[in-house]
Amino acid sequence: MSFTSLGLSVPLLRAVAERDYAAPTPIQTGAIPAILRGGDVWASAQTGSGKTAAFALPMLELLSARSRPHGRIVRALILVPTRELAAQIGEAIRRYARYFPAPPKTLVVYGGVSINPQMMALGGGADILIATPGRLLDLLDHNALSLSAMSILVLDEADRLLDLGFSAELNRIVALLPARRQSLLFSATFPASVQALATALLRDPIRVEVAAAPATAPDIQQRVIEVDAPRRTQLLRHLVQENAWPRVLVFVATKYATEHVAEKLRKAGLTAAALHGELSQGARTAALADFKAGKVQVLLATDLAARGIDIARLPVVVNYDLPRSAVDYTHRIGRTARAGETGVAISFVSAETHAHFRLIEKRHRLELPREQIAGFEPVVTDAPALSTGGVKGRRKSKKDKLREAAASMNKPDNPSLESRRFRPWR
Ligand code: AMP
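Residues numbered from 1 in each chain as written. Predicted model: local features only at pLDDT ≥ 70, side-chain atom pairs only at ≥ 80, totals over all residues. Heavy atoms only, no water.

A. Main features of helix α2 (residues 26-36). Buried within α2 we find Ile 27, Gln 28, Ala 31, Ile 32, Ala 34 and Ile 35. Those residues of α2 hidden inside the fold are in contact with β1 (41-44), α3 (51-64), β6 (182-187) and β7 (206-209). A positive phi of about 95° marks Gly 38, the residue just after α2. (Buried < 20%, exposed > 50% of the residue type's maximum accessible area, 1.4 Å probe, protein only. Helix = DSSP H or I, 4+ residues; strand = E, 2+ residues; numbered from the N terminus. Contact = heavy atoms within 4.5 Å.)

Structure, rendered in structure tokens:
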């Protein structure tokens, strides 16, 4: 199977050739012809399967043959769960569309940044709008766009949209869409909530199912949570309690951090122990035994101490501090999901460490979605020169003060912080 045989026109074939895609991926082979025929599609596809091109290429083909936008009309809407994904899709679409004589107007909008430039950009309408649901509703409330003549809807990562609590927003948006439209739903998983959404949204959909990409060895769900560095301990406590994890292995960077974080968790009422190379062998064995026996719920460990640890039924590993290398990342997350079990690996990423985590992802050819946990949304807007606090002898900068304010803040959605809310990192 080649891209040419899928029915795409020359400008798109040229863009695809430029990206060195040898052949369409299974999701592309399944979805592209169905979308070109104008039908609704319900596709199960993971990130990394080539799903963006699977909807973007035929969408561009269809739009290129239709009239251009005017007024505040948006012709195609792509709803996504995160800013990160929105930006990524926008970039991909611009690349795929570059050889059209008149490339479509493609806009990306999400919350956490000023709405005014987005409203201005929407003047004159857009061919393609990529949006997170909350910001789209804000823009609709401001009358910045009209969905009345929209002809293609894409819900990307529908399961994540629902997981992140966007159900009410989606219902409001769907109620504003014209009945005559083409709808495409992409999701990695199909729990009952996504099936209900698909039933409500799609008409006689073509089902495109692709076997999950060969799992990278064990069955580990990798999650990335954005959080300001000073709030990681609180977030960890929140996650442990909220999820009632029976056992959590937490990796930190230093021996000091193992003790310090364990102490804080104990004060908060959890059972926690430290495991590092400077403990006597006896103390290490005891800490591990207690952890395995369920007497200790949270084990804080350095890389060195954790090497070779094999704990059955360890459902969760947390990278409180990121590993130094991509190899260490594999090693750490491999502590969970042993012997055919499933597991979750969570990495905390802050403004200071996001670039480092991107490198780890690149090494593993991963692009993991970023999550934020309600009440723990980052407020630090860009990477400071230092990881935390100030340095001896150095006067506190504005940013240091800001970080301190964020760290000491009990109420994360303090309105005074609203104006310097988190900016996207890419
Ligand atoms: P996605 O699943 O859309 O996030 O895509 C994952 C990666 O696969 C992106 O870097 C795409 O550029 C790339 N990709 C998409 N389609 C193909 C293809 N047919 N052959 C090789 N790589 C592809």
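B. Molecular detail of the pairing of strand β3 (residues 106-109). Of the pairings in the sheet, the one linking β3 to strand β4 (residues 126-131) comprises four bridges and is parallel in character. Its bridge partner being in β4, Thr 106 is matched across the sheet by Ile 128. Taken together, β3, helix α5 (residues 116-121) and β4 form a β-α-β motif whose crossover is right-handed. (Pairing = 2+ DSSP bridges. Right-handed = clockwise from strand over helix to strand, strands pointing away.)

C. Just the packing of aromatic side chains, in detail. One pass over the structure, following the stated rule, counts six aromatic pairs. Measuring from ring centre to ring centre gives 5.9 Å for Tyr 329 and Phe 357, while their planes differ by 75°; the resulting arrangement is edge-to-face. One end of the pair, Tyr 329, is in helix α14 (residues 326-333); the other, Phe 357, is in helix α15 (residues 354-363), and 28 residues separate them in sequence. Members of the aromatic cluster, each reached through a chain of ring pairs, are Phe 3, Tyr 21 and Tyr 96. Above the plane of the ring of Tyr 99 lies Arg 14, whose end atom (NZ or CZ) is 3.8 Å from the centre. (Phe/Tyr/Trp six-rings, centres within 6.5 Å; stacked < 30°, edge-to-face > 60°. Lys NZ or Arg CZ within 6 Å of the ring centre and 35° of its normal.)

D. Region of the structure containing the packing of helix α10 (residues 232-243) against helix α11 (residues 255-267). Running from amino to carboxyl end, α10 crosses α11 at an angle of 50°, the nearest separation of the two axes being 10 Å. The orientation of α10 with respect to α11, classified from their angle, is oblique. α11 is crossed by α10, and the crossing has right-handed handedness. The segment α10 lies against α11, with Thr 233, Leu 236 and Arg 237 engaging Val 261, Lys 264 and Leu 265. Its residues placed into classes, the contact of α10 with α11 shows three nonpolar, one polar and two charged. (Axes fitted to C-alpha atoms, helices over the stretch in contact; angles between N-to-C directions. Parallel < 35°, antiparallel > 145°, perpendicular 65-115°, else oblique. Left-handed = near helix turned anticlockwise from the far one by under 90°. Nonpolar A, V, L, I, M, F, W, Y, C, P; charged D, E, K, R; others polar.)

E. Spotlight on the environment of Ala 56. Relative to the helices and strands, Ala 56 is located in helix α3. Distance in space between the C-alpha atoms of Ala 56 and Ala 97 is 9.2 Å, their sequence separation being 41 residues. Here Ala 56 is in contact with Ile 93 and Tyr 96, once residues within four sequence places are set aside.

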